[in-house]
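Observations on the model geometry
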Amino acid sequence: MALTASDLPAMYSLLANSMSGDESVRRPAEAALSQSESRPGFCSCLMEVIASKDLVSHVDVRLMASVYFKNSINRHWKSRRNASSGISNEEKIHLRQKLLSHLREENYKIAEMLAVLISKIARFDYPREWPDLFSVLAQQLQSADVLASHRILMILFRTLKELSTKRLTADQRTFAEISSQLFDFSWHLWQTDVQTILRGFSTMAQSYGSNSAEQHHDELFLTCERWFLCLKIVRQLTISGFQSDAKCIQEIKPVKEVSPLLLNAVQSFLPYYSSFQNRDPKFWEFVKKACVKLMKVLAAIQSRHPYSFGDKCVLPVVVDFCLNKITDPEQASLPFEEFFIQCMVMVKSVLECKEYKPSLTGRVMDENGVTFEQRKKNASNAVSGIVSSLLPNERIVLLCNILVRRYFVLTASDLEEWYQNPESFHHEQDMIQWSEKLRPCAEALYMVLFENYNQLLGPIVVSILQEAMNNCPPSVTEITPALLLKDAAYAATAYVYYELSNYLNFRDWFNGALSLELSNDHPNRRIIHRKVAMILGHWVSEIKDDTKRAVYCSLITLLQDNDLAVKLAASRSLCLHVEDANFSEQYFIDLLPICWESCFKMVEEVQEFDSKVQVLNLISVLLGHVSEVTPYAQKLVQFFQKVWEESSGESLLQIQLLVALRSFVIALAYQSPICYSILLPILQKGIDINSPDALNLLEDSMALWETTLSYAPMMVPQLLACFPYMVDIIERSFDHLQVAVSIMESYIILDGGEFLNMHASSVAKILDLIIGNVNDKGLLSILPVIDILVQCFPAEVPPLINSCLQKLVIICLSGGDDRDPSKTAVKTFSAAILARILVVNTTYLAQLTSDSSLSVLLQQAGVTIEDSVLFCLTDIWLDKVDNASPMQKKTFGLALSIILTLRMPQVLDKLDQILSTCTSVILGGDKDLTEEESSGDMSSSRSQGEGTPPSKELRKSQLPQNH
């Protein structure tokens, strides 16, 4: 039944009650709204609540109505399945008209939600069902006041943003048409508003204090917001309304028109930053936001349309402006940090833009006979010349010097932050997004600059380094400008090690300076110590054998520093050294005890999550790369116990701990039971899907479970007790099937008899869940488990997994594998398992193939057989023998030999084929089989030491010999 105007009071009450803090009131209201959502007229009622003049003051209820309206659009607008529910075409027409008639909404939040509603509907309905959307908005914009025009531009921006995300060619063509219709009008409005705003700014100082002035300020601020929306629209139309000129090599005219005026606006607004700073916070914030946004728009246009932006009227003025701002020596006149970041982003984008570099030539011809790549190369060369003229050698050197000497230097606020919280300081410097802070942004620009001009800048950076070291010897303890410059110079050499190694010999630098830095342990030296730790990590590839020992010792020393930021930097660098392909354990082995102790101590000292993860990562890396682990096993067990207890509720930290434990088990190998006291309780929690952190921990816990079994010298009761969790895991999903299969194999191979006695029903249930419910890849992973079970327990297992074996028979006798290699492999493997059962448990297979329930299943699967199931399987064995592995061929041959003993006329019909197959297996199979078995035995036995339990692979390879 449809909702009508008479339902409005009830709708209002439900919306109001849905926000109640009383759960007994809120829940029934939410349920009633949810039930009403699919009823015709629901959205119309919501729209009346939103637009009602009587409810203007009830903002919360109107907002809630708009939220329900938006959700209904997402769920019900696109398709209407039947006439009795959902949103009819008539109601859609009414809603579209109603939305466009309510444009002058005074409340900003509700106006924003209305813009979202229109954009969501436009995504579905424009242009087919709503062709006049933009024309109606443009028409109303002509005569609108400042408030109404602001709301219309808000709608335009949201709608354009929504439509620009559609990726079909037709949708992009539609957006290009919108752009051509709206661009001129939007751009003209933007220019008009800029002039209005600048005139208003110039007179504001004279009008402070009067009421009329305050009213004028409110209207001016609304114009500022409208201008800002218009800027976003112009950006959207320029970026998404035209194909990238990097792909079409066609000039995008709006780029040349827009970009210079955007820069002019930046230059016009910037002076007001300081004048508004202490007088009008609202306009000061606007100027700040506007300048940053204008630079972001310029950067976005350059990225999207590099060739058009590379025009001589655009690129030179923009880049020159940015470079001048970056290198301006007048510190007092520097604008705000966010603006500097955008200037650096622009210069960096230009320097690394591949379109501004020589292009590869090709043979894609256009209609004039000129290759596409030749046009691209010509355009690239033209812009490259402009970039070169903007960056003569002296300007490149100046920029490099400014970046290192000004922007790399730690400020007083940096040092205070470091002093107050070393951990936070380390992570902010180490992990922050480069475009979010000024120093990381300067570092990113410096690296691109050096990469482009390394031959010019290599000697410059070395000279800065030499100057800094000469002016600040290792004995200096005061935080002076010379010490801070030395820190900056060390950073500059760390970041470009891959190029700077041609100009700087690491051994000489280390012996002559870096190692000496560590001899002074004054607290202020932490600044240099941290940078030395960072350098040793960055330069790892340049450290030769004659210096490795000294470097390792230095990193261990830094790991014991009194400052946490230094310790964390050292732990990161030590990871890089231990993971390095040229890591030398012989130089490091005697440092291990103090290294472990330092790690254990650091975990107790640090407070932040990222710090704990970093230390755990170092421990994992050490466990994975050093051979001497057993002597420290007990301390490591205690350490893991403590960290696990303290990590409750922090699943990301527990994941890192599970990774470290897995490395620990691998390092201990067959001595791993010494860590079972901590390992098994952690494992049991991780594989319990009913535990609170199951979703986060399961994948890594499964990997740990697999590793634990692979290295277990024998089965223990606690490991056996873990297996029932596998049923719950498989019942929930097959996401971890491959690991689950490996775990099951390990249980069977390690202690199959006891395992089967305890968990036979669980095994049968798991196999039954998988067979018939997974694709061919999943079947190929689980079939080896069935094969091993049959090998090990030929009498017990077949009756236990009767249902699975019936499914295998159906797989074998179904068609569809002629042109599908994966289906052929599945059918071959399934047939080999059934052949093995015939060999080792002939009576059971006879019962299976003659069971009436199997005949019913075959009929349900649409499989028609003209002979007995056993003789149909015989055909499969004969047909698939050429697709089989050597071991499977032997199994087929033995099964066919048994078939020969049957005194039935069908055997005589197939006698030639059976004899031929058996003969070929006897003559050719032994050689292949011997090679297959011996390779497995030899490779496995080589890795086994005297008295060491056999590996999983060796145990597995011995199964065919025993059964």
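Since the structure is predicted, the reported quantities are computational estimates derived from the model, not experimental observations. (Residues numbered from 1 in each chain as written. Predicted model: local features only at pLDDT ≥ 70, side-chain atom pairs only at ≥ 80, totals over all residues. Heavy atoms only, no water.)

Turning to the overall build of the protein chain, a few remarks are in order. In terms of helices and strands, the protein chain carries 50 helices and zero strands. Within the protein chain, buried positions represent 54% of all 963 residues. Across the protein chain, every contact between residues at least 6 apart in sequence was considered, and the portion connecting residues at least 24 apart equals 76%. Each charge class in the protein chain can be summarised by its mean position, and for the 87 positive and 111 negative side chains these summaries are 6 Å apart. (Helix = DSSP H or I, 4+ residues; strand = E, 2+ residues; numbered from the N terminus. Buried < 20%, exposed > 50% of the residue type's maximum accessible area, 1.4 Å probe, protein only. Contact = heavy atoms within 4.5 Å. Lys, Arg positive; Asp, Glu negative; His and termini not counted. Charge placed at Lys NZ, Arg CZ, Asp CG, Glu CD.)

The next thing to look at is the nonpolar core. By size, the foremost hydrophobic cluster in this structure holds 338 residues, and its most contacted members are Phe201, Phe269, Phe640 and Trp877. Counting residues per element, this core draws most heavily on helix α39 (residues 737–770), which supplies 17 residues. Apart from residues lying up to four places away in sequence, Phe201 is in contact with Leu220, Cys224, Phe269, Tyr272, Phe276, Phe283, Phe286 and Val287. (Core = buried A, V, L, I, M, F, W, Y, C linked by side-chain atoms within 4.5 Å.)

What follows deals with the packing of aromatic side chains. Under the counting rule described, the total for this entry stands at 43 aromatic pairs. A centroid spacing of 6.2 Å and a plane angle of 55 degrees characterise the contact between Trp227 and Phe228, whose relative ring orientation is tilted. Taken as a pair, Trp227 and Phe228 share a single burial class, namely buried. With centroids separated by 5.3 Å and ring planes inclined at 80 degrees, the aromatic side chains of Phe408 and Tyr446 adopt a geometry described as edge-to-face. Taken together, the positions of Phe408 in the loop between α19 (393–407) and α20 (412–420) and Tyr446 in helix α22 (residues 438–452) put the pair 38 residues apart, joining distant regions of the chain. (Phe/Tyr/Trp six-rings, centres within 6.5 Å; stacked < 30°, edge-to-face > 60°.)

All right, on to helix α42 (residues 802–813) then. With twelve residues, α42 extends 17 Å from end C-alpha to end C-alpha; this agrees with the ideal 16 Å at 1.5 Å per step. Along α42, the positions that sit buried rather than exposed are Cys804, Leu805, Gln806, Leu808, Val809, Ile810, Cys812 and Leu813. (Expected span 1.5 Å × (residues − 1).)

Looking at the protein chain as a whole, its pLDDT mean stands at 88, while 91% of the residues score no less than 70. Note that pLDDT drops below 50 for residues 933–946; the model gives that stretch 13 contacts with residues more than four away or on any other chain. (pLDDT = per-residue confidence, 0-100.)

Turning to the packing of helix α7 (residues 133–142) against helix α8 (residues 146–164), a few remarks are in order. At their nearest, the axes of α7 and α8 sit 10 Å apart, and the two run at 155 degrees to each other. Between α7 and α8, the crossing angle belongs to the class labelled roughly antiparallel. The hand of the α7/α8 crossing is left-handed. Between α7 and α8, the residues in contact are Leu133, Phe134, Leu137, Gln140 and Leu141 and Ser149, Ile152, Leu153, Ile155, Leu156, Thr159, Leu160 and Leu163, respectively. (Axes fitted to C-alpha atoms, helices over the stretch in contact; angles between N-to-C directions. Parallel < 35°, antiparallel > 145°, perpendicular 65-115°, else oblique. Left-handed = near helix turned anticlockwise from the far one by under 90°.)

Moving on, we get to the pattern of salt bridges. Should their charged atoms come close, side chains of opposite charge can pair. Applying the stated criterion across every chain, the model contains 38 salt bridges. For Arg62, the salt bridge is made with Glu105, and the minimal N-O distance between the two is 2.4 Å. Here Arg62, found in helix α4 (residues 59–77), pairs with Glu105, found in the loop between α5 (89–101) and α6 (108–125); they are 43 residues apart in sequence, far enough to count as distant. A residue is classified by how much of its surface remains accessible, and Arg62, at 2% relative accessible area, is buried. For the salt bridge of Lys531 with Asp487, the shortest nitrogen-to-oxygen distance reads 3.0 Å. Here the residue Lys531 occupies a position in helix α27 (residues 526–538), and Asp487 occupies one in helix α24 (residues 481–495), the gap between them amounting to 44 residues. Asp487 carries the same exposure label as Lys531, and that label is buried. Beyond isolated ion pairs, a larger network of salt bridges with shared partners links Arg104, Glu106 and Asp145. (Salt bridge = Lys/Arg side-chain N within 4 Å of Asp/Glu carboxyl O.)

Before going further, it helps to spend a moment on the side chain of Asp787. Here Asp787 shows up in helix α40 (residues 776–792). Judged by its relative accessible area of 13%, Asp787 is buried. Within the structure, Asp787 has its side chain in polar contact with the side chain of Arg836 (distance 3.0 Å). (Polar contact = N/O pair within 3.5 Å; in protein donor to acceptor, adjacent residues only side chain to side chain.)

The next point concerns unusual backbone geometry. A cis amide bond links Tyr126 with the next residue in sequence, Pro127, at an omega value of 5 degrees. Residue position: Pro127 is located in the loop between α6 and α7. Unusually for a residue other than glycine, Ile249 sits at a positive phi of about 50 degrees. Here Ile249 shows up in the loop between α11 (245–248) and α12 (253–269). In this model, Ala669 sits at a positive phi of 55 degrees, which is unusual for a non-glycine residue. With respect to the helices, strands and loops of the structure, Ala669 is situated in the loop between α34 (651–668) and α35 (676–686).

Mapped onto the secondary structure, Arg151 falls in helix α8. Buried and unpaired, Arg151 has Glu225 as its nearest opposite-charge partner, separated by 5.6 Å. A polar side-chain atom of Arg151 sits 2.7 Å from the main-chain carbonyl oxygen of Glu105.

Before going further, it helps to examine the environment of Asn511. Along the chain, the position of Asn511 falls in helix α26 (residues 506–517). The partly exposed category is assigned to Asn511, whose relative accessible area is 44%. Sequence separation between Asn511 and Thr547 is 36 residues, and the spatial gap between their C-alpha atoms is 8.7 Å.

For the rest of this paragraph, the subject is the packing of helix α43 (residues 821–840) against helix α47 (residues 886–900). Packed helix pairs are characterised by how far apart their axes lie and by the angle those axes make with each other. In contact at an axis separation of 8 Å, α43 and α47 are set at 50 degrees when each is read in the N-to-C sense. Overall, the two elements α43 and α47 adopt an arrangement that is oblique. Along this stretch, α43 crosses α47, giving a crossing that reads as left-handed. Two secondary-structure elements touch here, α43 through Thr828, Phe829, Ala831, Ala832, Ala835, Arg836, Leu838 and Val839 and α47 through Met887, Gln888, Thr891, Phe892, Leu894, Ala895, Ile898 and Ile899.

In a disulfide, the sulfur atoms of two cysteines are covalently bonded to one another. Counted by the stated rule, this structure contains zero disulfides. The cysteine Cys291 is free of any disulfide, with Cys343 supplying the nearest cysteine sulfur at 9.6 Å. Among the cysteines around Cys722, which has no disulfide bond, Cys675 carries the closest sulfur, lying 13 Å off. Exposure remark for Cys722: the relative accessible area of 2% places this residue in the buried category. (Disulfide = S-S within 2.5 Å.)

Attention shifts here to helix α44 (residues 842–850). Among the residues making up α44, those that are buried are Tyr844, Leu845, Leu848 and Thr849. The arc that holds the buried residues of α44, viewed along the axis, is 125 degrees, so those residues lie on one side. Those residues of α44 that are exposed and angled more than 90 degrees off the buried face are Thr843 and Ser850. Residues of α44 that are buried in the fold lie against α41 (797–800), α42, α43, α45 (852–860) and α46 (869–880). (Arc of directions from axis to C-beta.)

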